[in-house]
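Next come the chains, spelled out residue by residue.
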Amino acid sequence: MRAVVFDRYGPPEVLRLDEVERPVPRDTEVLVKVQATTVNRFDTATREANRRSGLAISLLSRLVSGLRRPRQRVLGTEFAGEVEAAGAAVTEFAVGDRVFGTTGLKFGAHAEYLAMPVSARIAQMPAGMSFEEAAPICDGALNALTCLKQADLREGRRILIYGASGAIGTAGVQLARSFGADVTAVCNTKNLELVRSLGADKVIDYTQEDFTKNGQTYDVILDAVGKHSFTRSRGSLEPNGIYLPTDGFANLMWALVTPRLGGKKVLFQIPPRQTKQDVLFLKELIETGKYRPVIERRYPLEDVVEATRYVETEQKTGNVVLTVSHA
Ligand SMILES: NC(=O)c1ccc[n+]([C@@H]2O[C@H](COP(=O)([O-])OP(=O)(O)OC[C@H]3O[C@@H](n4cnc5c(N)ncnc54)[C@H](OP(=O)(O)O)[C@@H]3O)[C@@H](O)[C@H]2O)c1
């Protein structure tokens with residue numbers, strides 16, 4: 001089958017299409033004929049061994065994905081497609097079912113076929129969705145959910161989401177609203193209307209206003225794009241406020257210390273616990289009209305390098321989808 005492979009860490013140009021062995025599903029797995037996948041920040045960070053995040057994080061990244069060269073040659077976490085074959089012990093899915101999900105650390109979705117354990121993060125596609133729409137359901141939303149679950153969001157709680165226009169941010173706004181919270185979303189001028197349409201109660205244009213200086217305070221601040229910090233946001237948190245980062249070594253340190261001190265704290269789940277139940281929860285949110293992944297661009301799988309270069313600008317709105325054609 002065709003897959004996008006990489007044999008060394010480096011720039012987007014290390015990615016290339018190649019012929020690889022088609023996976024054979026085990027008894028408890030299904031073989032998915034992938035119709036759409038995505039390029040997300042997890043793919044780009046892993047491909048360059050998290051070089052941009054500094055030496056310590058890069059070393060940690062290599063310990064996970066291969067010290068000298070990548071252990072897993074095929075990237076891609078999110079997928080949507082059809083069940084092509086099912087292992088003997090599989091009862092949840094049948095050949096022809098339309099499914100979506102995420103492989104997480106195992107990657108492998110930038111390929112024509114993918115073997116997925118049925119107990120992993122895979123579910124039937126929500127009714128009425130195309131493969132392209134279903135492929136980006138998981139990445140931003142599961143990352144947002146991992147953060148938001150720690151913050152007891154409900155009616156009467158006020159959250160500010162910084163970087164509301166990315167994959168995590170656009171999902172975070174919708175999830176926080178679905179929990180009943182009052183949402184203030186911070187983004188660039190060009191995305192104000194979009195985040196408002198996703199359900200934000202208030203929007204702040206970061207090119208016009210610094211939220212840390214307007215005197216408002218929040219129960220929760222989610223930095224959905226890894227560009228802010230606890231120290232800069234502290235004054236905008238209520239006395240027992242919670243700061244939820246998605247990135248940053250300093251935030252990790254604060255997350256180890258602040259929960260022991262009382263008062264304002266940083267919460268960062270390590271490792272993130274994302275389950276099949278979470279994927280089923282997202283499916284339910286979609287079916288009840290409370291969540292829909294935002295897609296900015298679509299590329300054919302063959303243009304993975306171009307798609308990756310775009311994701312690496314760190315300026316995508318929502319998600320970037322790759323469509324997979326089968327000869
Ligand atoms: N996706 C994952 O699998 C994953 C997993 C764990 C952690 N993370 C981390 O989580 C963060 C977000 O991931 P993501 O996938 O949501 O990112 P993303 O989709 O690439 O985020 C891009 C968005 O962020 C906005 N942005 C860029 N710079 C900004 C700034 N200074 N202030 C406010 N907004 C800014 C961009 O819009 P404008 O530039 O136009 O404002 C763009 O809409 C990253 O730091 C990533 O490393 C990601």
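Remember, it's a predicted structure, so these values are computed and weren't measured experimentally. (Residues numbered from 1 in each chain as written. Predicted model: local features only at pLDDT ≥ 70, side-chain atom pairs only at ≥ 80, totals over all residues. Heavy atoms only, no water.)

### Describing the packing of aromatic side chains
Move 1: Tallied over the entire structure, the rule returns seven aromatic pairs.
Move 2: Ring geometry for Phe-6 and Tyr-9: centres 6.3 Å apart, planes at 70°, overall edge-to-face.
Move 3: According to the relative accessible area criterion, Phe-6 is buried, its value standing at 1%.
Move 4: The exposure class assigned to Tyr-9 is buried, which follows from its relative accessible area of 10%.
Move 5: These aromatic residues form a ring-pair network of at least three members: Tyr-162, Tyr-206 and Phe-211.
Move 6: The ring of Trp-254 has Arg-234 lying over it, and the distance from NZ or CZ to the ring centre is 5.3 Å.
Move 7: Across the ring face of Tyr-310, the terminal group of Arg-297 is positioned such that the distance to the ring centre comes to 3.6 Å. (Phe/Tyr/Trp six-rings, centres within 6.5 Å; stacked < 30°, edge-to-face > 60°. Buried < 20%, exposed > 50% of the residue type's maximum accessible area, 1.4 Å probe, protein only. Lys NZ or Arg CZ within 6 Å of the ring centre and 35° of its normal.)

### Some thoughts on the packing of helix α4 (residues 138-148) against helix α5 (residues 167-178)
Move 1: Close contact between α4 and α5 brings their axes to 8 Å; oriented N to C, the two are set at 55°. In terms of orientation, α4 and α5 fall into the oblique class. Judged by the twist between their axes, the crossing of α4 over α5 is right-handed. Residues Asp-139, Gly-140, Ala-141, Asn-143, Ala-144, Leu-145 and Leu-148 of α4 form the contact with α5, whose participating residues are Ala-167, Ile-168, Ala-171, Gly-172, Leu-175 and Ala-176.
Move 2: Residue composition of the contact of α4 with α5, by class: nine nonpolar, three polar and one charged. (Axes fitted to C-alpha atoms, helices over the stretch in contact; angles between N-to-C directions. Helix = DSSP H or I, 4+ residues; strand = E, 2+ residues; numbered from the N terminus. Parallel < 35°, antiparallel > 145°, perpendicular 65-115°, else oblique. Left-handed = near helix turned anticlockwise from the far one by under 90°. Contact = heavy atoms within 4.5 Å. Nonpolar A, V, L, I, M, F, W, Y, C, P; charged D, E, K, R; others polar.)

### Considerations on helix α8 (residues 249-261)
Move 1: Across its 13 residues, α8 extends 19 Å between first and last C-alpha, which sits within 8% of the 18 Å expected from 1.5 Å per residue.
Move 2: In α8, a bend of some 30° at Ala-255 exceeds every other bend along the element, and Pro-259, a proline, comes one to four places later.
Move 3: Among the residues making up α8, those that are buried are Asn-251, Leu-252, Ala-255 and Thr-258.
Move 4: Buried residues along α8 sit against α7 (230-233), β12 (237-245) and β13 (265-266).
Move 5: Just past α8, the residue Gly-262 takes up positive phi, approximately 80°. (Expected span 1.5 Å × (residues − 1). Bend = angle between axes of the 7 residues up to and from the residue.)

### Structural notes on the sheet that holds β12
Move 1: Spatially, β10-β9-β8-β11-β12-β13 is the arrangement adopted by the six strands of the open sheet, whose pairing is parallel. Each of the sheet's edge strands pairs with one partner strand only, and the pair in question is β10 (202-205) and β13.
Move 2: Both β12 and β13 contribute to a ladder of two bridges, which runs parallel. Counterpart to Tyr-243 in the pairing with β13 is Val-266.
Move 3: Here α5 sits on the sheet and contacts β8 (158-162) and β9 (182-187); the angle it forms with β8, its principal contact strand, is near 170°. (Pairing = 2+ DSSP bridges.)

### Section: helix α10 (residues 304-311)
Move 1: Among the eight residues in α10, six count as buried, and that is most of the element.
Move 2: If you check which residues of α10 are buried, you get Val-304, Val-305, Ala-307, Thr-308, Tyr-310 and Val-311.
Move 3: Lining the buried residues of α10 we find β1 (2-5), β3 (29-39), α1 (41-47), β14 (295-300) and β15 (319-323).

### As for unusual backbone geometry
Move 1: In this chain, Ile-270 is followed by Pro-271 through a cis amide linkage whose omega measures -10°.
Move 2: Note that Pro-271 resides in the loop between β13 and α9 (276-287).
Move 3: Of note, the phi angle at Ala-49 is positive, near 50°, even though the residue is not glycine.
Move 4: Mapped onto the elements of the fold, Ala-49 is located in the loop between α1 and α2 (55-65).
Move 5: For Ala-49, a relative accessible area of 0% puts it in the buried group.
Move 6: A positive phi angle, close to 60°, is found at Glu-314, a residue other than glycine.
Move 7: As for its position among the elements, Glu-314 is in the loop between α10 and β15.

This is a description of form; function is not addressed.
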